[in-house]
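If you want the building blocks of each chain, they are given just below.
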Amino acid sequence: MDRMPPKARMGRELPPTAGLPLTWGDYVRQPGQSFAGGLGQWPGLSDPLVTCSGTAALVVVLKTLRQRRPDRNAVIIPAYNCPLLPLATRLVPGLRAIVCDTVCSGIDLDPQQLDSLCDARTLAVIPTHLGGRVADVQAARAVAARCGAFVIEDAAQALGAFAEDRQSVGLGGDAGFFSLAAGKGLTTYEGGILVSRDAQLRAELAAVARETLRPHLGWTLRRNLELLGYGLFYTPSGLRLAYGHNLRKKLAAGDEAAAVGDVFTLADMPLHSLDALRLRVAANGLARLPAHLEEGRRLAGHRRGQLAALPGVAVIGDRLGTEGIWPFFMVLMPGKEQRDRALHALWRTGNGVSKLFVHALPDYAFLAPILAGHDLPDCPNARDLADRMLTVSNTPWLDEATFTLIMHTLRSSL
Ligand SMILES: *Cc1c(COP(=O)(O)O)cnc(C)c1O
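Residues numbered from 1 in each chain as written. Predicted model: local features only at pLDDT ≥ 70, side-chain atom pairs only at ≥ 80, totals over all residues. Heavy atoms only, no water.

J.: What should I look at first to understand the overall build of the chain in this one?
T.: A count of helices and strands for the chain gives 15 helices and 11 strands. Relative to its length of 414 residues, the chain is compact, with a C-alpha radius of gyration of 20 Å against a globular reference of 22 Å. If one aligns the C-alpha atoms of the chain with their principal axes, the spans along those axes are about 60 × 50 × 40 Å. Looking at the chain as a whole, 58% of its 414 residues qualify as buried. Taking contacts inside the chain between residues at least 6 apart in sequence as the whole, the part at least 24 apart equals 76%. (Helix = DSSP H or I, 4+ residues; strand = E, 2+ residues; numbered from the N terminus. Rg over C-alpha atoms; globule rule 2.2 N^0.38 Å. Buried < 20%, exposed > 50% of the residue type's maximum accessible area, 1.4 Å probe, protein only. Contact = heavy atoms within 4.5 Å.)

Now the structure itself:
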């Protein structure tokens, strides 16, 4: 069997997700409208709050909801998700994170387990639009409503995705947030957006944001330098140095979680305000985002079907009537063995094939102190995602010849 990994073209490294590249003009051009004003043009996103990260946006929501309901302290999150979610609960005194399994081969919260976890202590439930897909918020909402819990949409990876009502994701629950971290599409290196349809709640969120996220010179300087680095190195040749080299070093050391960037501490979650220069860059980038996302949908239009036509392979998609974005494909291989074989051949080659999260949340050692202290429900479906999923980048830099090579390797790994 052919096990020769396809090598990226000399000196090139493709990013695992289709981030929006910056231009020098983004720094100097006076944007046609402010970042918040530009977002306000998207269906439903009027009056967004801009934060220093998606995590910070979540912290603001949790603090606000906790003020409303100090009698409730549990936050329920999908067991296959970003480790920053349970960590964020640590920044709000008294809160605890509880994981809930996902549905079989999907990203939605398992409604039955969710129902059994929800009780009078549940403050909020967080359905997550993972990988640009549109999660079933209404299903989570129906269960949450039975115990009086709030619903917060984690749309960190889904800016530009639309729910059934043709409105942006993020508006189907009580509040929603997006991430502007590097690699998630539009970026300020770190940044976030917080939205809510409820005007009263929006005012409360704004007040908590004002007091929680204050200007900080050190972080402002650091993030601006980091964004400058992103602007310079987010190219197929720059990524080799800025991303690929480190990735291969960590994989060689056997540290997959570090390779994926899954390991965080509270020090990775500063709370401060977002500065004017980065807001300008974001406002200018936002003007190019719709075309970038359209290009991604067009590319995904043919590639998704090819991936899903491999025997026993599935690609996680959207429910009828919704329209997600396609930063990458979440590819489910028939089993862990096949997935590991494919990644062994592809992960180091610089062709944009990776893992989304290395583990289900209960299996990260550094989260043990946070998720312990209550009976962990079993999460076989989330663990199955961690075992069988690999991601294929949908960056426009991934050309047809490289995609064909990836297809070939996936086929020979089956
Ligand atoms: C990145 C991410 C977050 C956190 O967003 P930051 O901007 O990095 O703080 C939350 N949830 C998901 C699903 C993410 O991918």
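Read on for the rest.
J.: What is the right way to look at the packing of helix α3 (residues 54-68) against helix α7 (residues 199-212) in this model?
T.: Each pair of packed helices can be summarised by the angle the axes make with each other and by the distance between the axes. Relative to each other, α3 and α7 sit at 115°, their axes nearing to 9 Å. The handedness of the crossing between α3 and α7 comes out as right-handed. On α7, the residues touching Val60, Val61, Lys63, Thr64, Leu65, Gln67 and Arg68 of α3 are Gln200, Leu201, Glu204, Leu205, Val208, Ala209, Glu211 and Thr212. Considered class by class, the residues forming the contact of α3 with α7 number seven nonpolar, four polar and four charged. (Axes fitted to C-alpha atoms, helices over the stretch in contact; angles between N-to-C directions. Left-handed = near helix turned anticlockwise from the far one by under 90°. Nonpolar A, V, L, I, M, F, W, Y, C, P; charged D, E, K, R; others polar.)

J.: Honestly, the pairing of strand β6 (residues 175-179) in this entry has me stumped. Any pointers?
T.: Working note: regular strand, side chains alternate between the two faces of the sheet. Of all five residues in β6, five are buried; the element is thus mostly enclosed. Here β6 shows a buried face lined by Ala175, Phe177 and Ser179 and a second buried face lined by Gly176 and Phe178. Inspection of the sheet shows strand β5 (residues 150-154) paired to β6 by three bridges, in the parallel sense. Bridging from a neighbouring strand, Ile152 pairs with Ala175 of β6. Pairing analysis gives four bridges linking β6 to strand β7 (residues 192-195), with the strands arranged antiparallel. Across the sheet, the residue bridging to Ser179 is Gly192, located in β7. (Pairing = 2+ DSSP bridges.)

J.: I'm lost on the site of the ligand in this one. Help?
T.: Lining the immediate surroundings of the ligand are 17 residues, of which Thr55, Asp154, Gln157, Ser179 and Lys184 lie closest. Between the ligand and Lys184 there is a distance of 2.7 Å, counted from an oxygen atom to a side-chain nitrogen or oxygen. In the complex, 94% of the free accessible area of the ligand, which totals 370 Å², lies under the protein chains. Of all elements in the fold, only α3 and α4 (84-89) reach the threshold of two or more residues within the shell around the ligand. For the shell around the ligand, the class distribution of residues is six nonpolar, eight polar and three charged. (Near = heavy atom within 4 Å. Polar contact = N/O pair within 3.5 Å; in protein donor to acceptor, adjacent residues only side chain to side chain. Areas by Shrake-Rupley, 256 points an atom, 1.4 Å probe, with all protein chains shown as cover.)

J.: Could you clarify how one ought to interpret the pairing of strand β4 (residues 122-125) in this entry?
T.: Looking at chain direction, strand β2 (residues 74-78) and β4 are connected through three bridges and run parallel. Residue Ile76 lies in a different strand from β4, and its bridge partner there is Val125. In terms of strand pairing, β4 meets β5 through two bridges, oriented parallel. Bridged to Val125 within β5 is Val151. Assessed by its sense of winding, the connection that carries the chain from β4 through helix α6 (residues 137-147) to β5 is right-handed. (Right-handed = clockwise from strand over helix to strand, strands pointing away.)

J.: Would you mind going over the sheet that holds strand β11 (residues 389-393) with me for this structure?
T.: For sheets, the rule is that strands pair by backbone hydrogen bonds, running either parallel or antiparallel. The strand order across the open sheet formed by four strands is β8-β9-β11-β10, and the pairing between neighbours is antiparallel. Two strands lie at the open edges of the sheet, namely β8 (314-315) and β10 (353-354), each paired on one side alone. Sheet strands in contact with helix α12 (residues 336-346) are β10 and β11, and its direction is about 35° off that of β11. Where helix α14 (residues 380-388) meets the sheet, its contacts fall on β9 (328-332) and β11, and the angle it forms with β11 comes to roughly 50°.

J.: Is there a simple way to explain α12 in this structure?
T.: Given 3.6 residues to a turn, an α-helix orients residues that are three or four positions apart in the same direction. Here α12 has its buried residues at Gln338, Arg339, Ala342, Leu343, Ala345 and Leu346. Within α12, the buried residues cover an arc of 160° as seen down the axis, which keeps them to one side. Opposite the packed face of α12, turned more than 90 degrees from it, sit the exposed residues Glu337 and His344. Contacts from the buried residues of α12 go to β10, α14, β11 and α15 (400-413). (Arc of directions from axis to C-beta.)

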